[in-house]
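Architecture at a glance
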Amino acid sequence: MTKNDRANFGSKIGIILASAGSAVGLGNIWRFPFETGNHGGAAFILIYILCVIALGLPVMIAEFMIGRRSRSNTAGAYRILSTGTQWKWVGRLGVLTGFLILGYYSVVAGWTLQYIVQAATGSLTGQSAEGFIATFNGFVSNPWKPALWTVVFLFLTHFVIVRGVEKGIERSSKVLMPLLFILLLVLTGCSISLPNAGEGIRFLLQPDFSKVDSSVLLGAMGQAFFSLSLGMGCLCTYASYFRDDTKLPRTAVNVALIDTMVAILAGFIIFPAAFSVGISPDSGPSLLFITLPNVFQQAFGSLPLLATLLSFLFYLLLALAALTSTISLHEVATVYLCEEFHLARPKAARWITTVCAFIGICCSLSLGVGSNLTLFGLTLFDLFDFLTAKIMLPGGGLLIALFAGWYLDKKIIWEELSNKGTLTVRTYRLLLFGLKYVAPIGISLVFLDQFNVFALFR
Ligand code: PHE
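Residues numbered from 1 in each chain as written. Predicted model: local features only at pLDDT ≥ 70, side-chain atom pairs only at ≥ 80, totals over all residues. Heavy atoms only, no water.

The secondary structure content of the chain amounts to 18 helices and zero strands. A principal-axis box enclosing the C-alpha atoms of the chain has dimensions of 65 × 55 × 45 Å. Here the chain holds 458 residues, and the buried ones make up 59% of them. Residue pairs in contact within the chain that sit at least 24 positions apart in sequence constitute 82% of those at least 6 positions apart. Here the chain has roughly 18,000 Å² of accessible surface; of this, 67% comes from carbon and sulfur atoms. For the chain, the distance from the average position of its 31 positive side-chain charges to the average position of its 22 negative side-chain charges is 9 Å. (Helix = DSSP H or I, 4+ residues; strand = E, 2+ residues; numbered from the N terminus. Buried < 20%, exposed > 50% of the residue type's maximum accessible area, 1.4 Å probe, protein only. Contact = heavy atoms within 4.5 Å. Areas by Shrake-Rupley, 256 points an atom, 1.4 Å probe, with all protein chains shown as cover. Lys, Arg positive; Asp, Glu negative; His and termini not counted. Charge placed at Lys NZ, Arg CZ, Asp CG, Glu CD.)

Glancing now at helix 9 (residues 197–205). Among all positions of helix 9, only Ala197, Gly200, Phe203 and Leu204 are buried. Around the axis of helix 9, the buried residues are gathered within 115 degrees of arc, so they sit on the same side. (Arc of directions from axis to C-beta.)

Before going further, it helps to spend a moment on the site of the ligand. In the vicinity of the ligand there are 16 residues, among which Ala23, Gly27, Tyr105, Phe226 and Ser229 approach most closely. The side chain of Asn28 places a nitrogen or oxygen atom 3.2 Å from an oxygen atom of the ligand. A distance of 3.0 Å is found between a nitrogen atom of the ligand and a side-chain nitrogen or oxygen belonging to Ser229. Bound to the protein, the ligand loses 100% of the 320 Å² it would expose on its own. Among the secondary structure elements, those contributing two or more residues to the shell around the ligand are helix 1 (12–23), helix 2 (26–38), helix 5 (88–120), helix 10 (214–227) and helix 14 (304–341). When grouped by side-chain class, the residues that make up the shell around the ligand number eight nonpolar, eight polar and no charged. (Near = heavy atom within 4 Å. Polar contact = N/O pair within 3.5 Å; in protein donor to acceptor, adjacent residues only side chain to side chain. Nonpolar A, V, L, I, M, F, W, Y, C, P; charged D, E, K, R; others polar.)

Next up on the list: the packing of aromatic side chains. Per the stated rule, a full pass over the model turns up 23 aromatic pairs. With a centroid separation of 5.1 Å and an interplanar angle of 65 degrees, the aromatic rings of Trp87 and Phe403 are classed as edge-to-face. Residue Trp87 is located in the loop between helix 4 (74–81) and helix 5, and its partner Phe403 is located in helix 16 (residues 380–407); the two are separated by 316 residues in the primary sequence. In this structure Trp87 comes out as partly exposed when scored by relative accessible area, which is 22%. A relative accessible area of 0% means that Phe403 is categorised as buried. Considering the side-chain rings of Tyr336 and Phe341, the 5.6 Å spacing of their centres and the 80 degrees angle between planes classify their relative orientation as edge-to-face. (Phe/Tyr/Trp six-rings, centres within 6.5 Å; stacked < 30°, edge-to-face > 60°.)

On to the nonpolar core, then. Nonpolar side chains in soluble globular proteins generally cluster together in the buried interior. Formed by 155 residues in total, the largest nonpolar core has its most connected members in Trp111 and Phe314. Counting residues per element, this core draws most heavily on helix 14, which supplies 18 residues. The residues touching Trp111, leaving out its near neighbours within four places in the chain, are Trp30, Phe136, Phe139, Val140, Pro146, Phe289, Leu367 and Phe381. (Core = buried A, V, L, I, M, F, W, Y, C linked by side-chain atoms within 4.5 Å.)

Before going further, it helps to examine helix 13 (residues 287–299). Compared with an ideal rise of 1.5 Å per residue, which puts 13 residues at 18 Å, helix 13 spans 18 Å between its outermost C-alpha atoms and is within 8% of the ideal. Those residues of helix 13 that sit buried are Leu287, Leu288, Phe289, Ile290, Thr291, Leu292, Pro293, Asn294, Val295, Phe296 and Gln297. (Expected span 1.5 Å × (residues − 1).)

On the surface, Trp406, Phe433, Tyr437, Val438, Ile441, Leu445 and Leu448 cluster together to form a nonpolar patch covering roughly 650 Å² of accessible area. Broken down by element, the residue count for the nonpolar patch peaks at six residues, all from helix 18 (residues 428–450). Here Leu448 shows up in helix 18. The class of Leu448 is partly exposed, set by a relative accessible area of 35%. (Patch = residues over 30% accessible without salt bridge, like charges linked within 9 Å, V, L, I, M, F, W, Y side chains within 5 Å. Salt bridge = Lys/Arg side-chain N within 4 Å of Asp/Glu carboxyl O.)

Next up on the list: the packing of helix 7 (residues 145–163) against helix 14. Direction vectors running N to C along helix 7 and helix 14 enclose 65 degrees, while the axes themselves pass 9 Å from each other. Every pair of crossing elements has a handedness; the one defined by helix 7 and helix 14 is right-handed. In this structure, helix 7 contributes Phe153, Leu156, Thr157, His158, Val160 and Ile161 to the contact, and helix 14 contributes Ala319, Ala322, Leu323, Thr326, Ile327, His330, Glu331 and Thr334. Here the contact of helix 7 with helix 14 is composed, by residue class, of eight nonpolar, five polar and one charged. (Axes fitted to C-alpha atoms, helices over the stretch in contact; angles between N-to-C directions. Left-handed = near helix turned anticlockwise from the far one by under 90°.)

Turning to its location among the elements, Glu331 is positioned in helix 14. For Glu331, the contacting residues outside a window of four places in its chain are Ile161, Val165, Ile169, Thr237, Tyr238, Tyr241, Tyr336 and Arg345.

As structure tokens, this is what we get:
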């Protein structure tokens, strides 16, 4: 494929929605609430927002610049912009990280499909809170069901990827994202009007800084990178399809705003509901799958049809939000194989789907029959989550900031920010400062703190 016949996104709104589609996903609606719950609520959210602004935004703009400038897959992008140096490994590391995330992310995405079926068949109504917990635990530890759904989800992703960038990725995002937003608003309304919802709202709004420790900092930083799809080349790949007149800083701010809003809305759906039905906010990854059916049950117990309809819609949209994210993860690896190894798109996609299905099945089994097989006390599923979200993505972000801040020619940065001089740029100095100092130092400090290096000096 030559540079000129490379695919492109067609419209400005398509660009924002596709990037936001990558960012908004299970990270916001499933992972953000349980990380917030595990780390004590409002204080975590404040630190999270700080991480998005100080670390996430500069790295996102850097990924946009690198992608659009090189018009290449992630591995190719770093190679092209730094010929003959070892920076090419940053791109390759990104492809690997994407693989690992897609593997375990598809497992949770597969759960949403099972819940769609359960909602549609009415089996999510008429149960007690304990019943929902038992249903969820029974399902994830079943040896074949969740693994099967994982593979089904990967097939859905595969189908969109094979259709290509504009017809597949852009079109699906344009429909799915607005729909998701409307449904989130409706559900927030339902959740905050439940009895005792106030306690959940307080949990989200009243910070208790005494709970902040190094794991909270690492959790918030990792969540910011995960949720914004940063540190692995997803947005770099998407930016390689941006138009020449796309305003990079503005697009980054829009994507970060949409992503953060969706995460906070998800918090306002989950916590008032969890407190209302007496489910502990720190119940981890199962939080969403146990609390939500309960909300519908409690809110519309006397109208079972409405409860069924809303839970069906919710899990459907959750699946669709996850789909726009798995598409972006898949695209990174597919276009890498296409461009670096000259494979045709369908063949490249088949390879990626097959390998990821294998990783996904292993991750899925690790929650049931394979739960005794642990490494550092973590199941394969948890290990992948920890390794990617808390180490590889922030680590990738650190390298990207260093690359853009210290290595990349300043002329390239200026040209990309100003669209070759056609825009006035006010953010140039601020961005450079962020990339050179704030992001690298911030990320390194959180890492050092997590590995207890500061304790040696206390
Ligand atoms: N940002 C996505 C989410 O919030 C997950 C993701 C991470 C997608 C990294 C791509 C790359 O669900």
